[in-house]
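# Topology and contacts: notes
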Amino acid sequence: MRLCDHDIERYLDQGIIALEPRPENDKINGATVDVRLGNSFRVFREYSAPYIDLSGPKEEVSAQLDCVMSDEILLKDDEAFFLHPGVLALATTYESVKLPANVIGWLDGRSSLARLGLMVHVTAHRIDPGWEGKIVLEFFNSGKLPLALRPKMTIGALSFEVLSGDAARPYNRRSNAKYKNQQGAVASRINED
């Protein structure tokens, strides 16, 4: 069952779901709550490696990932990040999210941004039960013009579903969870698979 706005407010008020900072109730719409863009970004360094061999030895994959990912880029609130056509970049939500073991979250991009070519999460839009941290956004500009993205702009919306029971292996209790409590634009950790 997907939570409606009344239940989202109640879950937030009771601390069952945590969003920090807590959005005002006017940011909760029908079945979603708006989330904003954070200040942390990463980009791929062009031409720094001929390819990434995802099936190679872990040490080689790790070295290739280190070679192609930029250091974290932290913007001030009044600065803009320019996402050019055909470019993939990582960013975070401004809000940190904490889910219990019986709730799953879903991140959707904004239709108004999609109509300009901005894909907010490419494919990874599920927030696992037991998740805690900032959500990393996988931006892609499929449009024809660069897009200026500014910290704290509304970037997407979260919806929540209650599971049939508590997950036996929620994210925060998995020993192999690669992105526990992430607060910045964490690069891929595919080498830890």
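Look above for the structure.
### Describing the overall build of the protein
A count of helical and extended segments in the protein gives 3 helices and 12 strands. Taking 193 residues into account, the globule formula puts the C-alpha radius of gyration at 16 Å, and the protein, at 17 Å, falls close to it. For the protein, the spread of C-alpha atoms along the three principal axes comes to 50 × 40 × 25 Å. Residues classed as buried in the protein amount to 41% of the 193 residues present. In the protein, 77% of the contacts between residues at least 6 apart in sequence involve partners at least 24 apart. In the structure as shown, the protein presents an accessible area of about 10,600 Å², 50% of it carried by carbon and sulfur atoms. Of the side-chain charges in the protein, 23 are positive and 27 negative, and the distance between the mean point of each set is 1 Å.

### Describing the environment of F139
For F139, the position within the fold is in strand β10 (residues 132–141). Along the chain, F139 and E79 lie 60 residues apart, while their C-alpha atoms are 18 Å from each other.

### Quick notes on the pairing of strand β3 (residues 32–43)
Burial within β3 is extensive, with 9 of its 12 residues counted as buried. Across 2 bridges, the pairing between strand β2 (residues 28–29) and β3 is antiparallel. The residue of β3 that forms the bridge with N29 is T32. Connecting β2 to the next strand, β3, in antiparallel fashion are 2 residues, including G30 with a positive phi near 65 degrees. Two strands pair when backbone bridges link them, and β3 and strand β12 (residues 154–162) are joined in this way by 4 bridges, in the antiparallel orientation. Bridged to D34 within β12 is A157. Here 4 bridges tie β3 to strand β6 (residues 88–98), and the two strands are oriented antiparallel to one another. Across the sheet, F41 pairs through a bridge with A91, a residue of β6.

About the cut-offs
- Residues numbered from 1 in each chain as written.
- Predicted model: local features only at pLDDT ≥ 70, side-chain atom pairs only at ≥ 80, totals over all residues.
- Heavy atoms only, no water.
- Helix = DSSP H or I, 4+ residues; strand = E, 2+ residues; numbered from the N terminus.
- Rg over C-alpha atoms; globule rule 2.2 N^0.38 Å.
- Buried < 20%, exposed > 50% of the residue type's maximum accessible area, 1.4 Å probe, protein only.
- Contact = heavy atoms within 4.5 Å.
- Areas by Shrake-Rupley, 256 points an atom, 1.4 Å probe, with all protein chains shown as cover.
- Lys, Arg positive; Asp, Glu negative; His and termini not counted.
- Charge placed at Lys NZ, Arg CZ, Asp CG, Glu CD.
- Pairing = 2+ DSSP bridges.

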